[in-house]
Amino acid sequence: MNMKAGEVCYESGIHKCGICEESIADPVMLPCEPKQHVFCKKCIKEYFRTKKAKRCPTCRTEYPQDFVCKVKSRVSEVIAKHNTFRQCCNSFFMEVISQLCFADGTPPSEEVIKMLLGYVTIDSKKQKQQATKNVSPFPEDCIDPNPVVRSFLLQLLLQSNLEQVKEHVEGYLANCNFFMKGSNAVSICALFINCLEDTYYSGVSQDSADNQTCELIQDAHRKLQSAQVVFTRQNINDSGSLSVQLLEAIAQIRFAFTILIDVIQQHHDSINIKRFLKEACEFCKNNKQAQLYLVRYMYKTYGRDAINQLRDDDQLDWILPDELKVQEQSIPDYFVIVGDTYKSIREAVGECVVDKDFEKMSKVIINVKGREKQKEVCLLLSLFREITMNATTRVEAKVMSQEVKTKFGEVLQNFPFLKIMGIADTLLMNRLQNRQHVLRVVPDLSHQDYCIQGAVTHLQIVLSVVDRKSLTQCLATLMRDPSQMQNSFLPAMPQDDIMEAVQALRQSNIEPESTWNKCPNGHPYVIGDCGRAYYTGRCMECGAQIGGEKHMLHSDNRIIDMTQMVDTTSKGHVLGDAQPLGNQIVCERAMNCVTTAIVRFLLHSSMLLGTECQHGPQPIITIIRPPPPNVLEFLWRHLHNDIRLLSVATGKSRDDCIFILHKVIDNIFQTKVADNLQSGFQQLLTSKNCRKTWEENFTAAYIKPVLQGLDEMINKSNKTLSEDKRLSNDPLMCLLNAPIEPEDHGKLADTSHVWQHRSRITIHSIHQALENEQDDDNLLVLKHFMGKEKHLRFVRYLPDIVQLQRLLINKFNRHIDASEAINLSISKFLDQLPVSEHSEFKHLIDTFIHAWNSLRRDVAAIVKIQECFLETVTYKSNMAILLPTRQESGLCCTGLVEFLRDTQNEFLGRYQNIREETLSKVEKKSDLLQSHLIAYDPDRDLLPLILSQCQYIVRPMVGNRVEYNLTGLELQVIERFVRGRAFVNCKFDQLLFRQDVRNAAIFENLRNNIPQEEFSKALQCSILAELKSYQDLCGCLASLDIAIGFLANYKPEGDMLINYYLQNKLAMKQNKGLKSATASQQCSLKHVMALWQLLAMEKAVRLINNSQDPFDGVGEDYRQKLNDEDKNNLIAKLRFTKLHQLCGELYEYIALNLSHQSEEDRTKWTISETLEPYYDGKNADAKITGLDSLPESITLSHAVDAWKTIAQLYSTGVRK
């Protein structure tokens, strides 16, 4: 296959270099006849040199001595295509191995394992010995010029049962040690530990609920205890020993300590970890390196502030070594990444602060090499570092006097390159003119506060020194004169894209008949194809119903007059106050999450500096919408939040994010921007297009260069910081950056190499790798998939939730009132189920609870759900949350199903456009299968897929690093999770409560079909006497509701018994019919209304006697309380009425006419004037006795309270 592919790519065939027999690098094609031959440039030049003749090694064709070996671009392109094909084959081969050979965690046979281990080594002709290679079915593929150990097969072996493959793992490690030739044995150990630790994390649930956290802590605690047993039993003297048992114990300790720190930092106060902490403390007393691992992990993940907080915690200060428990710590100087010029000037200023030799300082600074503007920036940064930051100390002897500061100000006047003395004076006096400003340095601030002050000051200096470049003009104007930016579209602010969408749709001419409409709340949406509605959806803004059916819009939707459509994008700052919770940051326009966070930080920094302009903070306040009460605190919270979100987007610690910000600011100063990036927009960003162009150009000029090789930049910056002699006495930096020898000596568990912190491979790792991907048009499917992954992972639950809906509808549809559902807990419902149904319902309900608790906030952003219904669902919650309706708590279930459906459809729509593939559609709910859905488990399916497309690479004297095959990962994601999936266009059923089918129209149709009669008072009493059980009463009423729904549309004989109709015509089970023998024997269809009224009223009376509301669907307009005078008058007049008749008719009117929304205002109608025509319409020959004596001041606005008063008197009379 490989040879065939080579012939397809190039007629002569491209397989391997004919000299080294490996993949061709820098191809040189010799013009041989009849078949041209291709070799590596290096190989063929060396061949010509050693043979002292220029002839083809394959066919011996002679060439003249002046023949030049040139790399052919056409051949290079062909080889690149061929290598891409081979890469796809390699990815497929690795997928086959992982899916077939190691399926379900079961290791393959010994023969297969030995064969697979053979794929990573090969006899190299060039090296004349065995060499390492990548996992590939092609024998000549990817032979390494130097030994390289890759972790792919090791990861697969460890994912299966370790005990069963331990012997093979020992062999693998021994083989690796052979290739490393003992020089890097500890690196091999670290490789194993990293891989094994990853297998532990691959079993960790992504759910952060307390119960999941408890299980995780218990697992970590068990691993700690297991490892302690190994450490107490084993005593290994050989530092290069590759004992699997000890390496496994180290991996367990690292995993346990990582989980422990995460739990501590995330403040799970409800979880008891005292015993876990005690055992971890005891272990660290005997293993210094393990204790340092805790410190390294905490620092790299949570920053220096987390370390500082431990000093004041008596329960946790054991984590810190003694040298870190001193109170005063150095504040790192992040300015060192600016370069040697800064460090030289800083040292001169620092020495002058100590010895007061200003003449010496001046000479050193004058003689420092560098451009004038560079020296100006470095001098101002040095003033901030050495003089402004002096205010952090509380040690009296270290505090700088005012006289020294004044002398510094005089000396600075003599530097010809220092042009901006205003900033110099501000730094010298530490903003003495504005003592309350958040940029004023004072003691006892947090480490991050000082870091933000330094970054903002760095930006202030750079914006003041650089030329008035177009790209920085808007930020500089915000800082100097923000009044000019009052009508500007500020960078990284959200906007309304509706006008752009309309214009794009018109220009595309794809669906010229499409129409724009708006939902009941005014949010716009588009209908494609013919432009007329043919199905119902939900508004993405508010969750309201949109669209329509049969080419008719819903009555509350409107077609938009395009001539009146306006852009609602606001100018200025429109983010509101910073949201300290949640880890999601919106990517604005063409900027990704990382870029958006960086630009927002620069924006908020410029605005904070603008509060010190000559006009004061007012111009900045007017830019912010709505204006904040305290603009300084407002912007300070945003700066902290920007760093937090940058940390989330990059996966780096907040301290590392400070490096990123300083590097971008330094780029603004250092980078010479191309002319094409300096144009195309108005400098004050007076339009949305200007803002968009500015963001794209600014990102390309200053941010993208930093993000390329981000890890390398951060590592280099940390190294520069650790080598700063100012931090040589800082105990934390000394511990964190202690040199690591290629091979430590002593016991393996005591070597620092196996306890080094490393970034864990997680699903989020791919987010970070994609953020660093600079080609915006590459990996589009994978980028969109990972962008939606946190929602897509729950699509697999859709069939279970739909099945739960179906079962609940079958059980409760028209059989339950909303109030009953609210008063029925989930646990009680499960307890009442037959044993045969219990396990299925419990599984389905557990699925719903997990999905809802994870997505409820996201669902609420789409579907308009009241805050009171967004609580975490447990078994104590009410059943109404599980019942799919369009009202109140029922929107939880309905909204969740629609959210999952729309999540899949939205992703597939984007995939279809990217790949230009046509996907099928599922129109019927009965046709929906699991295979139609993007269904995967993130821990069991996606994370192993990621691990299969990444490898730890170990090279001698270099150490470990991680490589991702993102192209291969995208292909596997498409094949495993996307291809063959379908759009879900089916509608899902809704449950109807009993009150939903009770309305005047249905009952009117029933009376027209079957003339109704009342029955005697004695019969009523007999029926109620037989229905003493509330459950029987509700069951009987539920059967009547079903019958009424059918009888409203059919005309059976009125003399037919109701019970006969239920059991023989509606095929209702006997235990589901009327629960009263009297009603079964004597009530016919002509009594169905009278029987319903009797039972419904009786149920309502029992509810109010239990302090429950029988009118849960009635609005507040009809619930006004009677005043004492009206209530007393009503009670007095009731002596002249038939209580049971008035009580029944008023209840019926409220239940049928006031429980449904109506545009007609009936609140001012009197009860007497309302019931009289209502009753006449039912029975023209009778009247409600005493109705005309009711007070006219009692209107329908008092309907509910008036009925309760009547019902209480009626109930009292019945009991007497």
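Refer to the structure above for everything that follows.
Asker: Would you explain the overall build of the chain in this entry?
Answerer: A count of helical and extended segments in the chain gives 46 helices and 15 strands. Taking all 1216 residues of the chain together, 55% fall into the buried category. Sequence-distant contacts in the chain: of pairs separated by 6 or more residues, those separated by 24 or more amount to 73%. Here the chain displays about 55,800 Å² of accessible surface, and carbon together with sulfur accounts for 48% of that area.

Asker: Even after reading the chapter, I still don't get the sheet that holds strand S6 (residues 515–518), so can you show me in this structure?
Answerer: Strand pairs in the sheet, formed through backbone hydrogen bonds, run parallel or antiparallel to each other. Ordered by their spatial adjacency, three strands build an open sheet running S7-S6-S11, and the pairing between neighbours is antiparallel. A strand with exactly one partner marks an edge of an open sheet, and here the two such strands are strand S7 (524–527) and strand S11 (558–559). In terms of strand pairing, S6 meets S7 through four bridges, oriented antiparallel. By the bridge assignment for S7, Trp516 is matched with Val526.

Asker: What am I meant to see in unusual backbone geometry here?
Answerer: Note: most residues except glycine have negative phi, and most peptide bonds are trans. In this structure, Pro626 follows Arg625 across a cis peptide bond, with omega equal to -5 degrees. Inspection of the secondary structure assignment puts Pro626 in the loop between helix H22 (618–623) and helix H23 (631–650). Even without being a glycine, Asp444 presents a positive backbone phi close to 70 degrees. Looking at where Asp444 falls in the secondary structure, it is placed in the loop between helix H17 (421–429) and helix H18 (447–465). A residue is classified by how much of its surface remains accessible, and Asp444, at 59% relative accessible area, is exposed. In this structure, Leu779 is a non-glycine residue whose phi angle is positive, near 60 degrees. Along the polypeptide, Leu779 turns up in the loop between helix H28 (763–771) and helix H29 (780–792).

Asker: Help me understand the nonpolar core, please; the structure alone is not making it clear to me.
Answerer: As a rule of thumb, soluble globular proteins bury nonpolar side chains together. Judged by nonpolar contacts, the single largest core of 167 residues is most densely connected at Phe257, Met361, Phe408, Leu602 and Phe698. With 15 residues, helix H9 (residues 244–265) is the single largest residue contributor to this core. In contact with Phe257, other than residues within four places in its own chain, are Leu224, Ala280, Phe283, Cys284, Ala290, Tyr293 and Leu294. Formed by 81 residues, the second largest nonpolar core is a distinct cluster that contains Trp852, Leu883, Cys950 and Leu991.

Asker: Hey, could you run me through the pattern of salt bridges in this one?
Answerer: Tallied over the full model, the rule gives 30 salt bridges. When the shortest N-O distance is used, the salt bridge between Arg1007 and Glu1148 registers 2.9 Å. Taken as a pair, Arg1007 in helix H37 (residues 1000–1009) and Glu1148 in helix H44 (residues 1139–1154) lie far apart in primary sequence, 141 residues in all. Take Arg1007 and Glu1148: they sit in the same class, and that class is buried. By sharing partners, the salt bridges in this structure join Asp333, Arg346, Glu347 and Arg385 into a single network.

Asker: Help me understand the packing of aromatic side chains, please; the structure alone is not making it clear to me.
Answerer: Under the criterion given, the structure shown has 25 aromatic pairs. For the ring pair Phe785 and Tyr936, a centre distance of 5.7 Å and an interplane angle of 40 degrees mean the geometry is tilted. One end of the pair, Phe785, is in helix H29; the other, Tyr936, is in the loop between strand S12 (921–922) and helix H35 (938–948), with 151 residues separating them in the sequence. Overall, the relative accessible area of 0% leaves Phe785 in the buried class. Relative accessible area serves as the criterion here: at 1%, Tyr936 is assigned to the buried category. Geometrically, the ring pair formed by Phe848 and Trp852 is stacked, given 6.5 Å between the ring centres and 0 degrees between the ring planes. On the criterion of helical spacing, the pair formed by Phe848 and Trp852 is a turn pair, its members being four residues apart in helix H33 (residues 835–862).

Asker: Would you mind showing me how to read the packing of helix H19 (residues 470–480) against helix H25 (residues 688–707) here?
Answerer: Relative placement of two packed helices is described by the angle separating their axes and the distance separating the axes. The interhelical angle for the contact between H19 and H25, taken along N-to-C directions, is 110 degrees, at an axis separation of 9 Å. When the interaxial angle is binned, H19 and H25 end up roughly perpendicular. On H25, the residues that touch Ser470, Leu471, Thr472, Cys474 and Leu475 of H19 are Trp694, Asn697, Phe698, Ala701 and Tyr702. In the contact of H19 with H25, the residues fall into seven nonpolar, three polar and no charged.

Asker: Looking at this structure, I do not really get the environment of Tyr299. What am I missing?
Answerer: As for its placement among the helices and strands, Tyr299 is situated in helix H11 (residues 288–302). In this structure, the C-alpha to C-alpha distance between Tyr299 and Asp655, residues 356 residues apart in sequence, is 8.6 Å.

Asker: Which parts of the structure should I look at to understand the pairing of strand S2 (residues 37–40)?
Answerer: Alternating residues of S2 divide into His37 and Phe39 and Val38 and Cys40, and every residue in both groups is buried. In this sheet, S2 lies alongside strand S1 (residues 27–30) in antiparallel orientation, the contact comprising four bridges. Directly across from Val28, in S2, lies its bridge partner Phe39. Following S1, the chain reverses through six residues before pairing antiparallel with S2.

Asker: Explain the environment of Ala674 to me, please; I cannot follow it from the model alone.
Answerer: Relative to the helices and strands, Ala674 is located in the loop between helix H24 (654–670) and H25. On the accessibility criterion, Ala674 (37% relative accessible area) is partly exposed.

Asker: Help me understand H37, please; the structure alone is not making it clear to me.
Answerer: Quick reminder: α-helices carry 3.6 residues per turn. Residues three or four places apart thus point the same way. Among all positions in H37, only Phe1003, Leu1006, Arg1007 and Asn1009 are buried. The buried residues of H37 occupy an angular sector of 165 degrees when the element is viewed end-on, so they sit on one face. Against helix H39 (1030–1047), helix H42 (1088–1105), H44 and helix H45 (1167–1178) lie the buried residues of H37.

About the thresholds
Residues numbered from 1 in each chain as written. Predicted model: local features only at pLDDT ≥ 70, side-chain atom pairs only at ≥ 80, totals over all residues. Heavy atoms only, no water. Helix = DSSP H or I, 4+ residues; strand = E, 2+ residues; numbered from the N terminus. Buried < 20%, exposed > 50% of the residue type's maximum accessible area, 1.4 Å probe, protein only. Contact = heavy atoms within 4.5 Å. Areas by Shrake-Rupley, 256 points an atom, 1.4 Å probe, with all protein chains shown as cover. Pairing = 2+ DSSP bridges. Core = buried A, V, L, I, M, F, W, Y, C linked by side-chain atoms within 4.5 Å. Salt bridge = Lys/Arg side-chain N within 4 Å of Asp/Glu carboxyl O. Phe/Tyr/Trp six-rings, centres within 6.5 Å; stacked < 30°, edge-to-face > 60°. Axes fitted to C-alpha atoms, helices over the stretch in contact; angles between N-to-C directions. Parallel < 35°, antiparallel > 145°, perpendicular 65-115°, else oblique. Nonpolar A, V, L, I, M, F, W, Y, C, P; charged D, E, K, R; others polar. Arc of directions from axis to C-beta.

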